[in-house]
Structures are given as C-alpha cells and as structure tokens.
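Structural overview for review
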Amino acid sequence: MILVVLENQRGNIHAFSQEAVVAGQQLSEKLGLDLSILCLGENASSLRDQASDYKAKNLILAQHDIINTYSADGYSKALSQIVSELSPKYVLMGHSYMVRDFLPRVSAKLDIPFVSDIIAVEYDGDSPIFSRQVFNAKLATKVKTTSDTVLLSFQSAAFSSDDMQIGGSENQSDFSVNLEASDIKSDSEAEFQESASGVDLTTAELIVSVGRGIESQDNLPLVESLASAMGAEIASSRPVVDMGWLPPYRQIGSSGQAVSPKLYLSVGISGAIQHVVGMKGSKTIMAINKDEDAPIFEIADYAIIGDLMEIVPKLTEEIQK
Amino acid sequence: MKIAVLTKAIPSYESSIRVDSSGSWIDESVVNFVVNESDSYALEEALQIKEQLNDDSEVVVVIMGNENNTSKVLKDGLAKGADRGIFINNENIDTDPLSIAKLFSEHLKEESFDLIFSGLQSDDLGSGQTGVLIGELLGMSTATLGIETKMEDGKIKVKRELESGWFQWVTLPFPASISIQSGINEPRYPSLKGIMGAKRKDVKSVSASSSGDNKQKFIELFIPKTEKVTERIEGDVDSIVARMLDILKNTLKVI
C-alpha cells in the first residue's frame, strides 16, 4: 500500500498535500501498489469531502477529539498507530512546516527512515530512488532506502497538482485511533498572523529582491533606488530580514511569501532552497550574482555574473534617463 | 536548568563544493567548515536563558564529526559562553537522520538535559529532523521553528513559525527538545576574555559507536541539471547594463 496523508491548512487541503497525492498516484501505478488517502485529525471530515474526487483505492478517515487540533504529540502517536496497522510501503506527505514538526517523531517511534524534502523520484527496477537537494542546493543526492516502511515528504512543486487523476475512491473507511488526554504533553494556542503590512507582494508584477550579497544595510538604498526606478516592489531573502535590514513582510521563501511576478530580479541572492520555493513560479527570473556557481542561476532565465555594487547603480541611472 | 545546544560544522557559503572521487560525498579538503547558521541562533537563545535565570544553569555545546572539521566551531561556542562541550568523534559520513539522532541520543541520555536546542536544519544535508528525532528517542516534548521563547511557570513557551506569515504559541513541559529558526535573536561574538577562558573549559570526548544501521543512504551526489535555457550575461559593467536594459525594454517590456 501507498499511504498519502492530507494536511489541513485553514479549512482546505494543503497545496503540498495535493502534490503528494499526485506523487502517490504515480508511485502506486509504477509499483503496482494500492493507493490509500488518509484524512487525519484537524478538519478531517471536510478534507475527505474535498478529496472525494481524487483517484484512489481507499479514502480513510481518522478522527479523534484529542487530534481535532494539531499537536506533534497527538499526530505522531495517531499516525504511528495507523502505519503500524496498515503497514504501507511508503507514507507520503508534503514537506510543510507541520510535517517537519511531527513526522520525524513517527520515524523515531517506528524506527523507520524518513526521506525529507524530495524533489524527484526515479526507479531502479522496482526500487524508487529519491533525489534531494543538499549543500544549499549546490548539489543534489540520490537516496536509496532499506526498510519495509518508509516516510517521504516532497518539496513544493516537485509534483504538479495539474496532474491529479480524478475518479474518486473505491472504498471509504474509518480508522479508529486510540488516544488519551495524557498523550498530549504540549499546549497549543490558536494560530495568528502578525500585523498586516498593506504590502501584498503576491500581486506585484515586478519584484526586485535583495539578498546577503548587499553586504551592509548602508548599501540597501542602491537596490531601493533601482526598485523605485522600475516601479517594482522590493523584497528580500531571509538573511536580510534576520539582520533587521528589511521588515519580515518583505521576505520571500518558505517562511515568507510565495510570489509569481512577471519579472523577479534577484540581486545578491545565492538561491538557497528555502528562498527558491517562494519565487520559482515567477514568469521571468533575472539574477545578479558574482558567484557563477550560485544555485539561483539554475532557475534563472538571465544569469548576470558580476558585481551588484557596480551594476545596480549604473542600471538605475540608465533607467532614469 | 541544563541546556544542550546541538551544533554542526558545515561548509561555509563561500566554499567550493565538489563531488569527491567516491561520488557519494564532497571533497572536504577544499572546504572551510563553519558553524551552521541556525545553530548559532540556538546557542545564543540558550545563553540568554541562562543569563536570565541567573542561577546554576549550564549550557553545553554538543558537536559530532571528525576533529578537523569541528574543533574550531566547538571552541567558538565555548568562547561565546557555553560552560562545557561534548565532542562526539565520528569519522564516518553518516547521512541518515535517524542513525545520526541515535548516535547523539546515546551520549545525551546520561546527561538528562532539561532542554535541547538545535538549529531547525543543517545547511549541508538539510533534512531538518535531528532535534525532533532526539526528542522522541529521549521521551522529551518537541517543538520546531522556534522564533521566540519564554520561561513560564516551570514550562517553556515557544512561538512557532508557521507558513506564509502565521505563528503559534506552544507551551512545553520539560524536558523539551526545540529547534530554533534563524533570526530569533542577535548571536554574540566571542569576547577576548571568552576566547582566553575557552581553553580552560571542559570538553568531554566520546566516540560514536559505529551505527551500521543507515536505512537511507546516499548512492550518488551530482550537480543538478538546469531545466531552463539560461542566457549568461557577463563582461564589463557597461555591456552588462546595456544588455539588461535591452531585455527589460524590448523583450520583457517592463520599463
């Protein structure tokens, strides 16, 4: 069996989970194993309704008062019971923040491997080989597993939800998990957003985004002038926000916003995975970096190899003319 | 309060990363090893908690790897203010997060730490699992992506970063293993006094038992192929800027 676990994201099936279902459908066909989709815990019955079209053998609901809201304690215990009982060959989820929070605990509880943040799957006969990015995406690795059950999580956009096969599930069932209040050691409060900024980068047509290559806050006006000359919004990678040079709502990436502007002009950004997942959907990517091996160039349409301190002011000046 | 901080020595951003002759690891001889970025925030958070508590709390830096790659990072942690260190000597290249977590747990268990802090993920292997795995293996409560912590009524409150600008507070009883997101604080630099003092601090050296239990293995490291057709633009500044202007004006029509 291939088991895909759906995640609730504020009432809907998480986009990464939809991609995991696609990965599951493909793995199931390739290996000749049945596909089961599990709606677990938070908002599970609504997730089941939303997933009712997805082509699968089984659609399974696992609800319990103790996991009506997410906790790492509750989810890891519940999923461990389900995996022990059903013995799937592979358990698939999206590589979300929730998955990072609890899936390693299932790995440790059941003593099974968890291959996280997978970008591609290939096959050596009947054995799947999983590719992951390593060394800040400068290299990738192929991973082989030896275990009767393996946990997998997929990087966003490794599979496309456009490839979803529909047709519904043959069987629907309930799985009864056995949990007690004392299983939950932590106390989780409601999710909240920090004060909204009024800046919506997700609708911006042009974005000029700055990374650690800017070296110092004193150099930031160079990039701000360029953005203003182009009529672009300014954004950044995480290090710039961590240093306090730009506010958090300017951040693009897994912990910030995901954008897909007409043009994404990246300035001094190396292209760590955490940043790239937030901007790789841009229509055109132009990147300035002095390191010709910078991973950002792998996804760029235009790779500008040079010193941003020279190029940016000159470009601004020419645009202003 | 006994706090362990798991730190890792990883290749610096500037290091040249090349596949070695085995094809399954990198050529370490051309690499400069530095502390993993989020681990330095984890250490700072631990040091600040110790300073706030102002009691007999202890911060212990724990590092695994071979001596060559790790010694500078360990010394730096002690110089910044950690009270002592644990060095787990491991000459093997372990890449399975569960095996790595078991090796750590073996040596952390007897110390009975109240808190284990780790960076949310290493910038080399990037599995992002070690802190949570160790928490489960040692029966601790866990939280990830901590962006703020507070001690409250004998528990620790952690502000967790969720996706797309959402957050959540989680309160954990001790013992707890918490992974720390970068940006949570401002990591300090070691003082001269700290650097001098570090030499006298206790470092316990232990050897990692060979695990032999890697249930996931790297079979090949490779340079990712680009799927896009990328135009390379280089040369003198004037010609680069002229080509960029041409693209912005005539191809993309955005200015």
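Values in this document were obtained by computation on a predicted structure and should not be read as measured data.

What counts, and at which threshold
Residues numbered from 1 in each chain as written. Chains lettered and ligands numbered in written order. Predicted model: local features only at pLDDT ≥ 70, side-chain atom pairs only at ≥ 80, totals over all residues. Heavy atoms only, no water. Pairing = 2+ DSSP bridges. Helix = DSSP H or I, 4+ residues; strand = E, 2+ residues; numbered from the N terminus. Axes fitted to C-alpha atoms, helices over the stretch in contact; angles between N-to-C directions. Contact = heavy atoms within 4.5 Å. Buried area = accessible area lost by both parts, 1.4 Å probe. Salt bridge = Lys/Arg side-chain N within 4 Å of Asp/Glu carboxyl O. 1 Å grid on protein atoms, 1.4 Å probe; cavity = no way out; pocket = protein on both sides within 12 Å on 5 of 7 lines; lining within 4 Å. Points joined across faces, edges and corners; volume = space filled by probe spheres on them. Nonpolar A, V, L, I, M, F, W, Y, C, P; charged D, E, K, R; others polar. Domains from an automatic or database assignment. Phe/Tyr/Trp six-rings, centres within 6.5 Å; stacked < 30°, edge-to-face > 60°. Lys NZ or Arg CZ within 6 Å of the ring centre and 35° of its normal. Buried < 20%, exposed > 50% of the residue type's maximum accessible area, 1.4 Å probe, protein only.

**Examining the sheet that holds strand 9 (residues 139-145) of chain A**
Pairing is mixed in the open sheet, where 10 strands are placed in the order 11(A)-5(A)-4(A)-1(A)-6(A)-10(A)-7(A)-8(A)-9(A)-12(B). Edge positions in the sheet fall to strand 11 (169-174) of chain A together with strand 12 (216-222) of chain B, since each of these pairs with one other strand and no more. Here the strands of the sheet are splayed against their neighbours by 35° on average, with no regard to which way each runs.

**What to know about the environment of Ile 223 of chain B**
Here Ile 223 of chain B is to be found in the loop between strand 12 and strand 13 (231-234). Residues Ile 223 of chain B and Val 19 of chain B lie 204 residues apart in sequence; the distance between their C-alpha atoms is 8.4 Å.

**As for the interface of chain A and chain B**
How big an interface is tends to be stated in terms of the accessible area lost upon association of its parts. Residue-level contacts link 82 residues of chain A with 85 residues of chain B. Of the roughly 7600 Å² buried between chain A and chain B on both sides combined, carbon and sulfur atoms contribute 54%. In this assembly, chain A and chain B are joined by 12 salt bridges. Between Lys 142 of chain A and Glu 220 of chain B there is a salt bridge, with its nearest N and O atoms 3.5 Å apart.

**Regarding empty space enclosed by the protein**
Tallied over the entire structure, the rule returns five cavities of 30 Å³ or more. Approximately 390 Å³ is the volume attributed to the largest cavity. Around the largest cavity, the lining comprises 28 residues; the ones closest to its centre are Arg 238, Pro 239, Ala 272 and Gln 274 of chain A together with Glu 37 of chain B. Looking at the lining of the largest cavity, the elements that each hand over two or more residues are helix 4 (97-110), helix 6 (238-242) and helix 7 (273-276) of chain A together with helix 1 (37-53) of chain B. In terms of residue count, helix 6 of chain A provides more of the lining of the largest cavity than any other element does, three residues in total. Of the residues contributing to the lining of the largest cavity, the split by class is seven nonpolar, 15 polar and six charged. Counting residues domain by domain, the lining of the largest cavity receives three or more from each of domain 1 (2-183) and domain 2 (201-320) of chain A.

**Here we look at the packing of aromatic side chains**
All told, the structure shown has eight aromatic pairs over all chains when counted by the stated rule. Where Phe 192 of chain A meets Phe 167 of chain B, the ring centres are 6.0 Å apart and the plane angle is 35°; that geometry is what we call tilted. Note that Phe 192 of chain A is positioned in strand 13 (residues 192-193) and Phe 167 of chain B in strand 9 (residues 166-173), a pairing that runs across two chains. Taking 6.5 Å as the distance between ring centres and 35° as the angle between the ring planes, the aromatic pair formed by Trp 25 of chain B and Phe 218 of chain B counts as tilted. Taken together, the positions of Trp 25 of chain B in the loop between strand 2 (9-11) and strand 3 (33-35) and Phe 218 of chain B in strand 12 put the pair 193 residues apart, joining distant regions of the chain. Put simply, the rings of Tyr 70, Tyr 75 and Phe 102 of chain A touch in pairs and so form one group of aromatic residues. The aromatic ring of Trp 166 of chain B is capped on one face by Arg 10 of chain A, whose charged end is 3.9 Å from the ring centroid.

**Looking at the pattern of salt bridges**
Scanning all chains against the criterion turns up 35 salt bridges over all chains. Among the ionic pairs, Glu 189 of chain A bridges to Lys 157 of chain B, the shortest N-O distance being 3.2 Å. Of this pair, Glu 189 of chain A sits in the loop between strand 12 (187-188) and strand 13 while Lys 157 of chain B is found in strand 8 (residues 155-161), placing the two residues in two different chains. The class for Lys 157 of chain B is buried, based on a relative accessible area of 12%. Put simply, Glu 44 of chain B and Arg 188 of chain B hold a salt bridge, and the shortest N to O gap is 2.9 Å. In this pair, Glu 44 of chain B sits in helix 1 while Arg 188 of chain B sits in the loop between strand 10 (176-180) and helix 5 (192-198), placing the two residues 144 residues apart along the sequence. Under the relative-accessibility criterion, Glu 44 of chain B is labelled buried at 5%.

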